[in-house]
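As a plain string of letters, each chain reads:
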Amino acid sequence: MDAIVVGGGIGGLAAAVSMRRAGLEVTLVEQTPRFTEIGAGIQLAPNATRVLRRLGLLDAVVAEAARPAELSYRTWSDGSEICRYTLGREVEEEFGAPYLLLHRADLQRVLAAAVPAGSVRLNALVVGVDQDEHSAYVTVAGGERLRADLVVAADGVRSAARQWLFGADEAVFSRTAAYRALLPAAEVADLDLPDVALWLGPGRHFVHYWVRRGELLNVVGVVEAQAAPESWTALAEPGEQLRQFDGWDHRVLKILGRAGQMLRYGIHTRAPLTRWGVGRVTLLGDSAHAMVPFQAQGAAQAIMDAGVLGDVLAGAAPDEVPEALDRYARRRFGTANSVQAGSTRQGELNHLPDGPEARARNARMAAHAAGNRFPPFATAWAVDVLDPDEPTVGKSVDGRRPSA
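Scope of this entry: the structure provided in the associated data block. (Residues numbered from 1 in each chain as written. Predicted model: local features only at pLDDT ≥ 70, side-chain atom pairs only at ≥ 80, totals over all residues. Heavy atoms only, no water.)

1. Comments concerning the pattern of salt bridges
Opposite charge on two side chains lets them pair, provided their charged atoms get close.
So, point 1. In this structure the tally under the stated criterion is 24 salt bridges.
So, point 2. We note a salt bridge from Arg373 to Glu90, for which the minimum N-O separation is 3.0 Å. Taken together, the positions of Arg373 in the segment after helix H12 (356–371) and Glu90 in helix H4 (residues 89–95) put the pair 283 residues apart, joining distant regions of the chain.
So, point 3. Glu323 is the salt-bridge partner of Arg327, the closest N and O atoms lying 3.1 Å from each other. A residue pair is termed a helical-turn pair when its members lie 3 or 4 positions apart in one helix, as Arg327 and Glu323 do in helix H11 (residues 321–350) at four residues.
So, point 4. A relative accessible area of 28% means that Arg327 is categorised as partly exposed.
So, point 5. Linked by salt bridges that have partners in common, Glu64, Asp106, Arg109, Arg212, Arg213 and Glu215 make up one network. (Salt bridge = Lys/Arg side-chain N within 4 Å of Asp/Glu carboxyl O. Helix = DSSP H or I, 4+ residues; strand = E, 2+ residues; numbered from the N terminus. Buried < 20%, exposed > 50% of the residue type's maximum accessible area, 1.4 Å probe, protein only.)

2. What to know about the sheet that holds strand E4 (residues 70–75)
So, point 1. Across the sheet, which stays open at both edges, the seven strands sit in the order E5-E4-E13-E14-E15-E12-E16 with mixed pairing between neighbours. Looking at the sheet topology across the chains shown, the edges are occupied by strand E5 (81–86) and strand E16 (263–269). The sheet shows a mean angle of 20 degrees between the axes of neighbouring strands, direction not considered.
So, point 2. Examined bridge by bridge, strand E12 (residues 172–184) and strand E15 (residues 216–224) share nine bridges and lie antiparallel to one another. When the sheet's bridge partners are listed, Thr176 is paired in E15 with Glu224. (Pairing = 2+ DSSP bridges. Axes fitted to C-alpha atoms, helices over the stretch in contact; angles between N-to-C directions.)

3. Things to note about helix H8 (residues 250–259)
So, point 1. Residues Arg251, Val252, Ile255, Leu256 and Ala259 constitute the buried set of H8. When H8 is viewed along its axis, its buried side chains cluster within an angular range of 135 degrees and face the same direction.
So, point 2. Buried residues along H8 sit against E4, E12, strand E13 (196–201), strand E14 (204–211), E15 and helix H7 (240–244).
So, point 3. Trailing H8 by a residue or two, Gly260 shows a phi angle of about 70 degrees, which is positive. (Arc of directions from axis to C-beta. Contact = heavy atoms within 4.5 Å.)

4. Some points on unusual backbone geometry
So, point 1. One non-glycine residue, Arg175, lies in the positive phi region at around 65 degrees.
So, point 2. With respect to the secondary-structure elements, Arg175 resides in strand E12.

5. Things to note about the sheet that holds strand E8 (residues 126–131)
So, point 1. Spatially, three strands are ordered E8-E9-E10 in an open sheet, and the strand pairing comes out antiparallel. Where the open sheet ends on each side, the last strands, each with one partner, are E8 and strand E10 (145–148). With direction set aside, neighbouring strand axes in the sheet form an average angle of 20 degrees.
So, point 2. When E8 meets strand E9 (residues 136–140), the two strands line up antiparallel, connected through five bridges. Paired with Asp130 across the two strands is Tyr137, which belongs to E9.

6. Looking at the environment of Leu273
So, point 1. Within the element layout of this structure, Leu273 appears in the loop between E16 and strand E17 (277–278).
So, point 2. C-alpha separation for the pair Leu273 and Asn337, spaced 64 residues apart in sequence, amounts to 8.7 Å.

7. What about the environment of Gly266?
So, point 1. Looking at where Gly266 falls in the secondary structure, it is placed in strand E16.
So, point 2. Once the C-alpha coordinates of Gly266 and Val5 are considered, the two residues, 261 residues apart in sequence, prove to be 27 Å apart.
So, point 3. Those residues in contact with Gly266 that sit more than four places away from it in its chain are Phe173, Thr176, Ala177, Ala228, Pro229 and Glu230.

8. A short note on the packing of helix H1 (residues 10–21) against helix H10 (residues 298–313)
Axes are the key here: two packed helices are described by the angle between their axes and the distance separating the axes.
So, point 1. Viewed as axis vectors pointing N to C, H1 and H10 meet at an angle of 25 degrees, and their least axial separation amounts to 8 Å. By the criterion of interaxial angle, the relationship of H1 to H10 is roughly parallel. With respect to the hand of their crossing, H1 and H10 are arranged in right-handed fashion. Counting all contacts with H1, which are made through Ile10, Gly11, Ala14, Ala15, Ser18 and Met19, the residues of H10 involved are Ala302, Ile303, Ala306, Gly307, Leu309, Gly310 and Leu313.
So, point 2. Across the contact of H1 with H10, the residue classes tally to nine nonpolar, four polar and no charged. (Parallel < 35°, antiparallel > 145°, perpendicular 65-115°, else oblique. Left-handed = near helix turned anticlockwise from the far one by under 90°. Nonpolar A, V, L, I, M, F, W, Y, C, P; charged D, E, K, R; others polar.)

9. Quick word on the nonpolar core
So, point 1. By size, the foremost hydrophobic cluster in this structure holds 58 residues, and its most contacted members are Met19, Leu150, Leu309 and Leu313.
So, point 2. In terms of residue count, H10 provides more of this core than any other element does, nine residues in total.
So, point 3. Dropping the residues within four chain positions of it, Leu309 is found in contact with Ala15, Met19, Val152, Leu284, Leu325 and Tyr328. (Core = buried A, V, L, I, M, F, W, Y, C linked by side-chain atoms within 4.5 Å.)

10. Comments concerning the packing of aromatic side chains
So, point 1. Within this structure, the stated rule accounts for ten aromatic pairs.
So, point 2. Between Trp76 and Trp248 the ring centres are 5.8 Å apart and the planes differ by 55 degrees, which places this aromatic pair in the tilted class. In this pair, Trp76 is assigned in the loop between E4 and E5 and Trp248 in the loop between H7 and H8, connecting sequence segments 172 residues apart.
So, point 3. A centroid spacing of 5.8 Å and a plane angle of 50 degrees characterise the contact between Trp276 and Phe333, whose relative ring orientation is tilted. Here Trp276 is found in the loop between E16 and E17, whereas its partner Phe333 is found in helix H11, with 57 residues between them in sequence.
So, point 4. Judged by relative accessible area, which is 0%, Trp276 ranks as buried.
So, point 5. The exposure class assigned to Phe333 is partly exposed, which follows from its relative accessible area of 23%.
So, point 6. Put simply, the rings of Phe95, Tyr99, Phe374, Phe377 and Trp381 touch in pairs and so form one group of aromatic residues.
So, point 7. The aromatic ring of Trp199 is capped on one face by Arg74, whose charged end is 5.7 Å from the ring centroid.
So, point 8. Lying over the aromatic face of Tyr137, Arg145 brings its terminal NZ or CZ to 3.9 Å of the ring centre. (Phe/Tyr/Trp six-rings, centres within 6.5 Å; stacked < 30°, edge-to-face > 60°. Lys NZ or Arg CZ within 6 Å of the ring centre and 35° of its normal.)

Taken by themselves, the reported measurements are silent on function.
Spelled out as structure tokens, the structure:
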């Protein structure tokens, strides 16, 4: 069978790799002249790295990654630790795959290397997707019409394909904005930073972790905002991040100060859908379930989509495509939507104002960590998308082996 993938980001590339492994001929159509993954750090939990192993890419990804030993939650004002969880070898033993930290460009490079250059159409803007009973079609700027047995739209949070399938539907501003930067490890070596840390404060939180084998520190400061452009390349005003985090622990302020001018972008999501596809055309990744990044699961869920897509299409005949794509959506729909909702709730918890609610949250977090090696959202890490009888997100992971 022939498939067309629209979009050359992490989700689109993973889908192309997965379907090629399932025996399909794949053409990937990307509007930019070359692969350019915008952004910086990315976290891949075991639910995603298990899929990368299945695709034969895990070793190459590990070679580019940092492997954290711990996750630390801290209070905003003095940096005192609320609780700590393990992310090292114990995670791999428990969930069957590692927890990795990467630069997004490094992950994209590994994925792109697994797709033959002859299967990629760069500098090709898709202006339409349609279908008939037997085929699906992609029209690119200039009028060329490409035919395939199915089309996978991995065209991101601003997905045009989503609107072509389901009508007017805009990305939703999450009322949060993020400041981000990368710092060489030597510039923060004196701060004795944990591998991964989340600092929680009123109306904002601060995250940092190592990427590119520990050579760079990825820094993200999230604040509540009334408006912010989605641009991943917009510069913040000089010193803006320091004003936003005024009064925070001196280590946070030192990191922000040493970062210099930072990038600032508005975080957007998409409303949940009741279905992801029509006939021979389906959505994947952010086009289907864009979420706030507060459980570090956006890319992971796209990679899981890709794993299931290859699974349901392996051995399928062209006339079986609509039913196979329907099974793909059914196997992914509940998990992806649950993680999307959970990520939103996590952001609300991260930003509680000082006072009784924040103290109660911190007490709950400390109590949970006292009896569990992994954070509550590690329930999502136990989901194995390559098993059609996958467990439901929300099953307990309490330090013992999960049921998956």
